[in-house]
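Residue-level structure breakdown
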Amino acid sequence: MGPMNAAWMMVLASLLFATMSVCVKLAATQYGAGEVVFYRGLVGALAIFALLRMRGGTLRTPVPGMHAGRSAAGVIAMCLWFHALGGLPLATATTLNYMSSVWMALFLIGGSIMFGARRVEGLLVAAVLLGFAGVALVLRPSLEAAQFWHALSGLMSGVLAALAYLQITALGRAGEPEERTVFYFNLGSMVIGGALMAWQGMGTHTWRGVALLLAIGVLAVVAQVLMTRAYTVGSTLVNAVLQYLGILFAFGYGVLLFGEALTAPAVLGVVLIVAAGLMTSRVRARAPEPEDTRGRYPGEG
């Protein structure tokens with residue numbers, strides 16, 4: 001499968017993830033974040049379990065503790081992002097979640113300092129500065145006082161997603177296959193989402209609500225398979241560039257479906273955040289990671 005096919009898979013995956021975020025935003029009027037996370041995890045777990053059975057894989061793992069830590073960080077990141085989607089413009093919430101690459105740059109800088117590196121990568125410093133300048137521009141034009149906690153949730157979702165990425169990398173180096181890691185992430189979604197659902201209470205199911213919950217799970221699984229395949233057969237840097245189309249798609253959906261304003265400062269902020277993410281991707285590409293750890297999709301962590 002050639003690079004062009006991989007590129008198209010990444011474009012389609014980004015579109016499907018943006019479409020999933022639309023469904024999450026629509027579902028937020030009827031369900032709490034915990035309930036959405038639970039059903040998203042249920043659909044994902046069933047799909048990945050079926051895939052494992054078809055391929056003759058096993059769910060037995062020698063590192064259950066690593067899966068538990070990765071799932072906790074990733075699921076909480078997803079819960080926070082879904083909460084942000086319920087109270088912020090679609091493009092704003094999506095952009096904040098994509099800040100995970102900027103947080104990753106900050107973690108890499110911190111690691112360099114802790115381990116006594118004589119020189120900190122200049123691209124990483126520039127990425128952090130550009131990223132935070134971008135967030136200030138994205139949030140400044142339209143953020144209201146009532147949206148503060150939703151904005152904070154969006155920012156924290158990016159932080160935890162970056163932490164989860166480090167754990168995914170560790171699982172890959174421990175020899176854990178992608179399908180098993182994703183299965184336990186979905187299982188964690190059911191556990192944590194179910195606990196939140198019990199605390200928040202359950203929404204009233206309607207045909208519309210059930211259709212949205214099913215769509216969220218199916219869109220996430222299909223997009224995840226496409227993105228994982230794209231990272232396996234395509235260029236890491238090209239995929240990193242195309243992954244940011246998700247923000248562009250979110251802007252389009254926000255304007256067309258929700259009547260969200262498209263302001264010049266917000267557009268500039270997105271450009272800065274994308275530039276910061278690509279700088280971080282360039283630095284990471286210099287130290288290749290295991291093949292099955294490179295794909296992370298929005299909201300998963």
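Anything mentioned here points back to the structure above.
This text gives an overview of the structure that appears in the document. Being a predicted model, the structure only gives us computed values, none of them experimental. (Residues numbered from 1 in each chain as written. Predicted model: local features only at pLDDT ≥ 70, side-chain atom pairs only at ≥ 80, totals over all residues. Heavy atoms only, no water.)

1. Quick word on the overall build of the chain
Applied cut-off: For the purposes of this entry, the term helix denotes a DSSP run of H or I that reaches at least four residues, the term strand denotes a run of E that reaches at least two, and both are numbered from the N terminus. When a residue's accessible area, from a 1.4 Å probe over protein chains only, is under 20% of the maximum for its type it is buried; when over 50% it is exposed; and in between it is partly exposed. In this description, contact between two residues means that some pair of their heavy atoms is separated by no more than 4.5 Å. To measure how exposed things are, a 1.4 Å probe is used in the Shrake-Rupley method; for residues, cover is taken only from the protein chains shown.
The secondary structure content of the chain amounts to 12 helices and zero strands. Moving toward the C terminus, one meets the helices and strands of the chain in the order α-α-α-α-α-α-α-α-α-α-α-α. Looking at the chain as a whole, 50% of its 301 residues are labelled buried. Counting only contacts in the chain whose residues sit at least 6 apart along the sequence, the fraction spanning at least 24 positions is 91%. In the structure as shown, the chain presents an accessible area of about 13,200 Å², 72% of it carried by carbon and sulfur atoms.

2. Quick notes on the pattern of salt bridges
Selection criterion: Here a salt bridge means any side-chain nitrogen of Lys or Arg lying within 4 Å of a carboxyl oxygen belonging to Asp or Glu.
Scanning the model with the defined rule gives two salt bridges in all. Where Glu 179 meets Arg 55, a salt bridge forms, and the shortest distance between an N and an O atom there is 2.1 Å. In this pair, Glu 179 sits in helix α8 (residues 178-200) while Arg 55 sits in helix α2 (residues 33-55), placing the two residues 124 residues apart along the sequence. By relative accessible area, which is 19% here, Glu 179 ends up buried. The exposed category is assigned to Arg 55, whose relative accessible area is 58%. Between Arg 180 and Glu 176 there is a salt bridge, with its nearest N and O atoms 2.7 Å apart.

3. Focus on the packing of aromatic side chains
Aromatic rings considered in pairs are described by the distance between their centres and by the relative angle of their planes. Put simply, the rule reads: A pair of aromatic rings is counted whenever rings of Phe, Tyr or Trp (Trp by its six-membered ring) have centres within 6.5 Å, and the orientation is called stacked for planes under 30 degrees apart, edge-to-face for over 60 and tilted otherwise.
What the rule picks out here adds up to six aromatic pairs. Ring geometry for Trp 81 versus Phe 82: centroids 5.7 Å apart, planes at 45°, classification tilted. Per residue, the accessibility class of Trp 81 equals that of Phe 82, and both read buried. Judged by centre distance (5.1 Å) and plane angle (75°), the ring pair of Phe 148 and Trp 149 falls under edge-to-face.

4. Focus: the environment of Thr 263
Among the structural elements, Thr 263 can be located in the loop between α11 (245-258) and α12 (264-285). On the accessibility criterion, Thr 263 (26% relative accessible area) is partly exposed. Once the C-alpha coordinates of Thr 263 and Leu 137 are considered, the two residues, 126 residues apart in sequence, prove to be 9.9 Å apart.

5. A look at a nonpolar patch on the surface
The criterion, for reference: Any residue with relative accessible area above 30% and no salt bridge may belong to a patch, with like charges joined within 9 Å and the nonpolar Val, Leu, Ile, Met, Phe, Trp and Tyr side chains within 5 Å.
There is a patch of nonpolar side chains on the surface, built from Val 255, Leu 256, Leu 257, Leu 262, Val 267, Leu 268 and Val 271 and spanning about 660 Å² of accessible area. Counting residues per element, the ones that place at least two in the nonpolar patch are α11 and α12. With respect to the helices and strands, the residue Leu 268 is situated in helix α12. The exposure class assigned to Leu 268 is partly exposed, which follows from its relative accessible area of 45%.

6. Quick look at the packing of α2 against α8
Rules: Here, axes are lines fitted to C-alpha atoms. For helices the fit covers the stretch in contact, and angles between N-to-C directions go from 0 to 180 degrees. Each angle gets one of four labels, with under 35 degrees taken as roughly parallel, over 145 as roughly antiparallel, 65 to 115 as roughly perpendicular, and the rest as oblique. Two helices crossing with the near one rotated counterclockwise from the far one by less than a right angle form a left-handed crossing, whereas a clockwise rotation gives a right-handed crossing. Under the scheme applied, nonpolar residues are Ala, Val, Leu, Ile, Met, Phe, Trp, Tyr, Cys and Pro; charged residues are Asp, Glu, Lys and Arg; polar residues are all the others, including Gly.
Taken N-terminus to C-terminus, the directions of α2 and α8 make an angle of 155°; their axes are 7 Å apart at the nearest point. Relative to α8, the element α2 lies roughly antiparallel. Handedness of the α2/α8 crossing: left-handed. Class assignment of the residues belonging to the contact of α2 with α8 gives a composition of 16 nonpolar, eight polar and four charged.

7. Some thoughts on the environment of Gly 158
Mapped onto the secondary structure, Gly 158 falls in helix α7 (residues 148-173). Overall, Gly 158 belongs to the buried group, its relative accessible area being 0%. Gly 158 sits 81 residues away from Ala 77 along the chain, and the two C-alpha atoms are 6.9 Å apart. Once you skip the residues sitting within four places of it in the chain, Gly 158 turns out to touch Leu 96, Asn 97, Ser 100 and Trp 103.

8. What about the side chain of Ser 14?
In this structure, Ser 14 sits in helix α1 (residues 3-27). Discounting chain neighbours no more than four positions away, the residues touching Ser 14 are Leu 242, Gln 243, Leu 245, Gly 246 and Phe 249.

9. Examining the packing of helix α3 (residues 64-87) against helix α4 (residues 90-97)
Between α3 and α4, the least distance of the axes is 8 Å, while the angle of their chain directions is 155°. The pairing of α3 with α4 is recorded here as roughly antiparallel in orientation. The element α3 and its partner α4 pack so that their crossing is right-handed. Across from Trp 81, Ala 84 and Leu 85 in α3, the residues of α4 making contact are Leu 90, Ala 93, Thr 94 and Asn 97.

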